[in-house]
Amino acid sequence: MNAFLVTLSCVAVMLVYAVPGFILVKTGKVKQDAIKSFANVLMYVCSPCLTVYSFQNVAYSVTLVKDIAVLFVISILFQAAIMLLFAFLFRKKFEDVKIRVCVIATALGNCAFMGVPLLEAVMPHYPQAIMMSSIFSIGMNLLGWTLASAIIMKDRKYVSFRKALINPVSITLLVAVPIFVFGIDLPEQVDGMITLVGRMSTPMCMLVMGMRLATVELKKLFTDKDVYATVLVKQVIVPLVGLLILLPLPLGKDFQTTLFILYATPVASIVLNFPEMLGKGQKEAANLVLLGTLLSIVTIPLLMLIYSMLGV
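Owing to the predicted nature of the structure, the values given are computational and were not obtained by experimental measurement. (Residues numbered from 1 in each chain as written. Predicted model: local features only at pLDDT ≥ 70, side-chain atom pairs only at ≥ 80, totals over all residues. Heavy atoms only, no water.)

A. Structural context of the overall build of the protein. Assigned secondary structure in the protein consists of 16 helices and 0 strands. When burial is assessed residue by residue, the protein has 54% of its 312 residues classed as buried. Within the protein, counting contacts between residues at least 6 apart in sequence, those at least 24 apart form 84% of the total. Computed over 24 positive and 15 negative side-chain charges, the inter-centroid distance for the protein is 10 Å. (Helix = DSSP H or I, 4+ residues; strand = E, 2+ residues; numbered from the N terminus. Buried < 20%, exposed > 50% of the residue type's maximum accessible area, 1.4 Å probe, protein only. Contact = heavy atoms within 4.5 Å. Lys, Arg positive; Asp, Glu negative; His and termini not counted. Charge placed at Lys NZ, Arg CZ, Asp CG, Glu CD.)

B. A look at the pattern of salt bridges. In the structure shown here, the tally under the stated rule is 6 salt bridges. Across the salt bridge formed by Asp-224 and Lys-98, the nearest N and O atoms sit 2.9 Å from each other. With Asp-224 in the loop between helix 12 (218–221) and helix 13 (225–246) and Lys-98 in helix 5 (residues 97–105), this pair connects stretches of sequence that are 126 residues apart. Of the two residues, Asp-224 and Lys-98, both sit in the buried class. (Salt bridge = Lys/Arg side-chain N within 4 Å of Asp/Glu carboxyl O.)

C. Here's a closer look at the environment of Leu-272. Inspection of the secondary structure puts Leu-272 in helix 15 (residues 270–278). Using a relative accessible area of 4% as the deciding quantity, one classes Leu-272 as buried. In sequence terms Leu-272 and Ala-286 are 14 residues apart; their C-alpha atoms lie 5.7 Å from each other. Once residues lying within four places of it in the same chain are set aside, the contact partners of Leu-272 are Arg-212, Gln-282, Ala-285, Ala-286 and Val-289.

D. Examining the nonpolar core more closely. With 112 residues, the main nonpolar core has Met-83, Leu-108, Leu-259 and Val-271 as its most contacted residues. Counting residues per element, this core draws most heavily on helix 7 (residues 128–153), which supplies 15 residues. Apart from the residues lying within four places of it in its own chain, the contact partners of Leu-108 are Gln-79, Met-83, Met-140, Ala-148, Lys-234, Pro-266, Val-267, Ala-268, Ile-270 and Val-271. (Core = buried A, V, L, I, M, F, W, Y, C linked by side-chain atoms within 4.5 Å.)

E. Structural view of the packing of helix 5 against helix 13. Running from N to C, helix 5 and helix 13 point in directions that differ by 20 degrees, and their axes come no closer than 9 Å. The orientation of helix 5 with respect to helix 13, classified from their angle, is roughly parallel. Of the two possible hands of crossing, helix 5 and helix 13 adopt the one that is right-handed. In this structure, helix 5 uses Lys-98, Cys-102 and Ala-105 to contact helix 13, whose residues at the interface are Asp-226, Thr-230 and Lys-234. (Axes fitted to C-alpha atoms, helices over the stretch in contact; angles between N-to-C directions. Parallel < 35°, antiparallel > 145°, perpendicular 65-115°, else oblique. Left-handed = near helix turned anticlockwise from the far one by under 90°.)

F. Spatial organisation of the environment of Val-103. Mapped onto the secondary structure, Val-103 falls in helix 5. The class for Val-103 is buried, based on a relative accessible area of 2%. Between the alpha carbons of Val-103 and Glu-217 there is a distance of 22 Å; along the sequence they are 114 residues apart.

G. Main features of the packing of helix 6 (residues 115–122) against helix 14 (residues 253–264). Two elements in contact, helix 6 and helix 14, have axes separated by 10 Å at closest approach and are oriented at 140 degrees. Taken together, the axis directions place helix 6 and helix 14 in an arrangement best described as oblique. Seen along the crossing, helix 6 lies across helix 14 with a hand that is right-handed. Here helix 6 contributes Leu-118, Leu-119 and Val-122 to the contact with helix 14, which in turn contributes Thr-258, Ile-261 and Leu-262. Taken together, the residues of the contact of helix 6 with helix 14 sort by class into 5 nonpolar, 1 polar and no charged. (Nonpolar A, V, L, I, M, F, W, Y, C, P; charged D, E, K, R; others polar.)

H. Region of the structure containing unusual backbone geometry. Located in the positive-phi region is Lys-154, a residue other than glycine, with phi close to 55 degrees. Along the chain, Lys-154 turns up in the loop between helix 7 and helix 8 (161–165).

I. A nonpolar patch on the surface, seen in detail. Together, Tyr-60, Val-62, Val-65, Val-177, Val-181, Phe-182 and Ile-184 make up an exposed nonpolar region whose accessible area comes to about 620 Å². Among the elements of the structure, helix 4 (62–89) and helix 9 (168–182) are those that each provide at least two residues to the nonpolar patch. Per-element tally for the nonpolar patch: the top contributor is helix 9, with 3 residues. Residue position: Ile-184 is located in the loop between helix 9 and helix 10 (188–199). Judged by relative accessible area, which is 40%, Ile-184 ranks as partly exposed. (Patch = residues over 30% accessible without salt bridge, like charges linked within 9 Å, V, L, I, M, F, W, Y side chains within 5 Å. Areas by Shrake-Rupley, 256 points an atom, 1.4 Å probe, with all protein chains shown as cover.)

Function cannot be inferred from these measures alone, as they are strictly geometric.
Quick look at the structure:
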């Protein structure tokens, strides 16, 4: 099966996971106030297990460490450059929090919760890709606590390097890195638990998406031109620009494909998490994440079709 059909079927299955969440909220079985509790389970339980899962399935090598370092630097620079570019282009409209949220949404993608199942489906021969998605996510979280927070609040004082280094994703590295470097084999029961909970991340993420979708006004969600434009930039233009940058670099085929898929992931859930924590732009962020996720059933397979046609 080619990459187009693989990604199409993979994204379709992920979107189906959102249906129960939508129904539960619409029928009143889950109250709107409870959605944040589900999101906390995702952030503080499933996400750390996903990180450990991604590290424990690859063998340590100097080459892989070099690849990880290169990916981390590329991910940070690329995402920061995108945000700074659009912040500069729309600086005259920065009084509108909606524009500021749109700026961070152009750069941050759902590289963990959606990236991992996509990479597993497209690149089963390259387990290193799953680990790389976690490294990409770490870089994204660092930017979330620093540059993205400053943009949302339009104030540099909201840059928090302490929180950038002390958060669920970073703290999990204290467990994941030794497992990777020293090749530690966890007890079978522990390994099974971490794998199971880690792989729950995608269904849980989509379940929460479905719940949030049930709370928004669908007419506004599907008629906001700014949201459509932002999703187009994040999920079509940015990945293609990223690919053009990657092509001349001396990267292996699998490494390049991994980065391209991570670039292609839809607007990240943390685009909503940070506005919720900071108390600004929550509705706009929710619309961006929801519409981006829904449209990913078109954008991701389309990008993979273009990628395969280029034969790079």
